[in-house]
Amino acid sequence: MSKYPTIGESLRHQGISRRDFLKFCTAVASILALPAAMIPKIAEALESTPRQSAIWLSFQECTGCTESLTRSHAPTLEGLIFDLISLDYHHTLQAAAGTAAESAREAAMQGNKGNYLVIVDGSIPLGNPGYSTIAGISNVDMLKEVVAGAKAVVAVGTCAAYGGIPHAAPNPTGAVSVDSLITDKPIINIPGCPPIPLVIAGVVAHFVTFGQLPNLDSLKRPHSFFGQTIHDRCYRRPFYDKGLFAETFDDEGAKQGWCLYKLGCKGPVTYNACATTKWNDGVSFPIESGHGCLGCSEPNFWDAGGFYKPLSVPINGVIKATTGYALAAGAAVGAASGALNRLKRSQARQNHETVTITDLERNQK
Amino acid sequence: MSAATFERGYNALKEQIDAPIASFFSSCVRCGICAEACLFFTETGDPKYTPIYKLEPLRKVWEQEYTLLGKFKALFGLAQKLTDAELAEWKELIYNGCTLCGRCSMVCPVGNDLVYMIRRAREGMVAAGHAPEGLINASKRAVTTGSPMGIKLPALQAQIKHVEKDTGLKIPVDEVGVEYMVLLSSMEIINFPEYLEAIAKIMQQAGKTWTIASAAFEATNSGIQIGAADIARELVSRVVTAAEKLQVKTVISPECGHAYTAIRWEGPNLIGRPFTFKVQHILEVLDEFRQQGKLKTSGFDSNRLTFHDPCQLVRRGGVVEQPRHLLKMIASNFVEMSDHGKMNWCCGGGGGHSAIEEAHELRTQVFQRKKTQLEELKVEKLVTACANCRIVMEEGFEAYEMPMPIVGLTEMLAKHLATSNESN
């Protein structure tokens, strides 16, 4: 049906052995945290599926997301483009320009109607359509036109996912996120400024393999990468637990690698995989380089108080009264039982009779 | 006063449960990874040696005395109270089945410090009268004679005379205001006098002032091994009083693992205040001399040799790099064991284990681990930095008929000290 060869065919055409193909399937399963039993299913799916047509739209953005993607190492950008998807339109990466570029987009839309994947980076200005245009078409028009025939939409980066920096107060262009305009298609958000390349590549690989998006949380982020906070997995967490904090960037605590919470680290409220996958092929991540997390994968991170202001209260919303009472009651019960336990232990201490060498044995009866 | 009872033991266990222990027990996910880290489990295959299981009596007290659920369980008869018979049964696990080596603490995925808990559980065992006879007698001797092996000052003085005669160097005793106060373990006085000789030569070459304190020359702390803080405190206090009286800057723990843990880590907590002096292991001191250029050697030992990391040095003390720097100066064919450094396997006789006679057979059985490690390497010589490890391994070699010399690193260095013409 499709003009594209299946992934299996195209890989064989490139001289890739069955063994290498299965290795690739295993890598995909592992980055998506899928059980090993899924590997044959991935292999079967990829064997018979044509390469996925993908159209990449760049709106109000800085190209950081694309730069990030080019640093993906498992699967690599080349692996992704040549083996899994057919990237039919992408400003930065395509060779074509001008009319030829736009007609490539139209050809892909018509040839794969209802089946192509739209990947968006950048926010969409609603204030004046002229703020951002491509080939004379405003961003909002192009998004609606392209998404109409899409199977799913991937919003890459915090701008596409939540509006990002263009959306920051006072939001001069009236920038909005993809999901505030598109409501009738499956959308996945991969936030981050930029997002982790492995996550972009992993989600695309998942989509190609299973024909659907992975499990998402309430902010439409994939659970497998955004299930835990940076803080949960941070290697500096033991210092937080011990109450050892760097107070300035050059004090003894900073040199000892203590927790950066007091220097404004947003790790405790930021869901992302930086602490585990890290960056640049697993070399490091911001906290490991000595700077707190900015919380770039959370909505409105730019407006959430100063980057160097410590978190003291949740940045979004106020704790409701009932929650407050419940917390207070819980704390009271905890304090009371703690006090009882302390009392018990101090009684045990009072009952302590000093052990001397005459006390080491029992009396003979 | 005057005798151990179950009630005193139970009270002691209650007393020992502090915030870390409570959080350790509540975070345990019962994964059993600690079993594979314990040489008593790997060498016997008996699951009763799983480290966390050795803590069952302590866990019971924690649950029933300090948790809501445990109190309910006890109230409705769903859980049995700890009994004296149980403590008696666990004596074998807590003493004969553990060398306090702390390898289990390193692997726990939730970060539970199992060896800390076993050390605390021993407090209860002691107060209940379930400590092994060998350790009881060692503790008695340590308190009454000043040394767990019953070595008194005259024995040391005789040894000093020998060393002075052999080396022509003066061994300073009770000198005030010197830089270093040197402690010895009884094994070094009786079995390895080479150590004292080595110290004298090295200090002479480095040009440092030092002394031995006649009131506190013994470093071994039986109180830590048996698990009696009160006795440990008394033994540590002797060292502290002597060091403060002599106004030394640094106290040097000898080549002995638990002595180091006792004085360096437990010491200040036991006496309840910081020390006025620094405590260092002899290897730390020697490596400082090396860095200052005050340790000059000549010649290399060309034997294929390896270094056995004493548990308390690497896991509790972080002294990992120092022996390697030092060995590099004098050994040309040094190879590393598998699991060397902080994950090294215990000799099988630490934590007072070597004083427990009835555990001898088990000790020999678990020595197979060290034997396997060494056989893989095909070395001719073994170097270590703990007199206790050395004795235990010598016994092990004897049992398995493996003739292999073992030397202490300090004495090996002393043998390679450059004479004054060579160093010029």
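Further up the page is the structure itself.
In this report, the structure presented in the accompanying data block is examined. In this text, all values refer to a predicted model and were calculated from it rather than measured experimentally.

## Digging into the overall build of chain B
Of regular secondary structure, chain B possesses 25 helices and 7 strands. Within chain B, contacts between residues separated by at least 24 positions form 82% of all contacts whose residues are at least 6 apart in sequence. Here chain B has roughly 16,500 Å² of accessible surface; of this, 52% comes from carbon and sulfur atoms.

## A few points about the side chain of Lys-14 of chain B
Inspection of the secondary structure assignment puts Lys-14 of chain B in helix α1 (residues 6-16). As a buried residue without a salt bridge, Lys-14 of chain B has its nearest oppositely charged side chain in Glu-65 of chain B, at a separation of 4.2 Å.

## A short note on helix α14 (residues 194-206) of chain B
All names here are of chain B. Compared with an ideal rise of 1.5 Å per residue, which puts 13 residues at 18 Å, α14 spans 18 Å between its outermost C-alpha atoms and is within 8% of the ideal. Buried within α14 are the following residues: Tyr-195, Leu-196, Ala-198, Ile-199, Ala-200, Ile-202, Met-203 and Ala-206. The positive-phi residue at the C-terminal boundary of α14 is Gly-207, with phi of around 70°.

## Regarding the interface of chain B and chain A
Each side of the interface is counted separately: chain B has 30 residues, and chain A has 18 residues. Taking both sides of the interface into account, the surface hidden between chain B and chain A amounts to around 2,400 Å²; carbon and sulfur atoms contribute 51%. The interface formed by chain B and chain A includes 5 salt bridges. Residue Glu-65 of chain B is joined to Lys-344 of chain A by a salt bridge in which the shortest nitrogen-to-oxygen separation is 2.8 Å. The interface formed by chain B and chain A holds 16 residue pairs in polar contact (both at pLDDT 80 or more) in total. When residues of the side of chain B that touches chain A are traced back to their parent elements, those giving at least two are α1, α6 (56-66), α11 (133-145) and α16 (229-245) of chain B. Looking at the side of chain B that touches chain A, its residues break down into 13 nonpolar, 8 polar and 9 charged.

## A look at the packing of helix α12 (residues 153-167) of chain B against α14 of chain B
Residues and elements named next belong to chain B. Closest axis-to-axis distance for the α12/α14 pair is 10 Å, and the angle between their directions is 50°. One way to sum up the angle between α12 and α14 is to call them oblique. In this structure, α12 meets α14 at a crossing whose hand is right-handed. Of the residues in α14, those touching α12 at Ile-160, Val-163, Asp-166 and Thr-167 are Leu-196, Glu-197 and Lys-201.

Cut-offs and rules
- Residues numbered from 1 in each chain as written.
- Chains lettered and ligands numbered in written order.
- Predicted model: local features only at pLDDT ≥ 70, side-chain atom pairs only at ≥ 80, totals over all residues.
- Heavy atoms only, no water.
- Helix = DSSP H or I, 4+ residues; strand = E, 2+ residues; numbered from the N terminus.
- Contact = heavy atoms within 4.5 Å.
- Areas by Shrake-Rupley, 256 points an atom, 1.4 Å probe, with all protein chains shown as cover.
- Buried < 20%, exposed > 50% of the residue type's maximum accessible area, 1.4 Å probe, protein only.
- Lys, Arg positive; Asp, Glu negative; His and termini not counted.
- Salt bridge = Lys/Arg side-chain N within 4 Å of Asp/Glu carboxyl O.
- Expected span 1.5 Å × (residues − 1).
- Buried area = accessible area lost by both parts, 1.4 Å probe.
- Polar contact = N/O pair within 3.5 Å; in protein donor to acceptor, adjacent residues only side chain to side chain.
- Nonpolar A, V, L, I, M, F, W, Y, C, P; charged D, E, K, R; others polar.
- Axes fitted to C-alpha atoms, helices over the stretch in contact; angles between N-to-C directions.
- Parallel < 35°, antiparallel > 145°, perpendicular 65-115°, else oblique.
- Left-handed = near helix turned anticlockwise from the far one by under 90°.

Any functional reading would require information that these geometric values do not contain.
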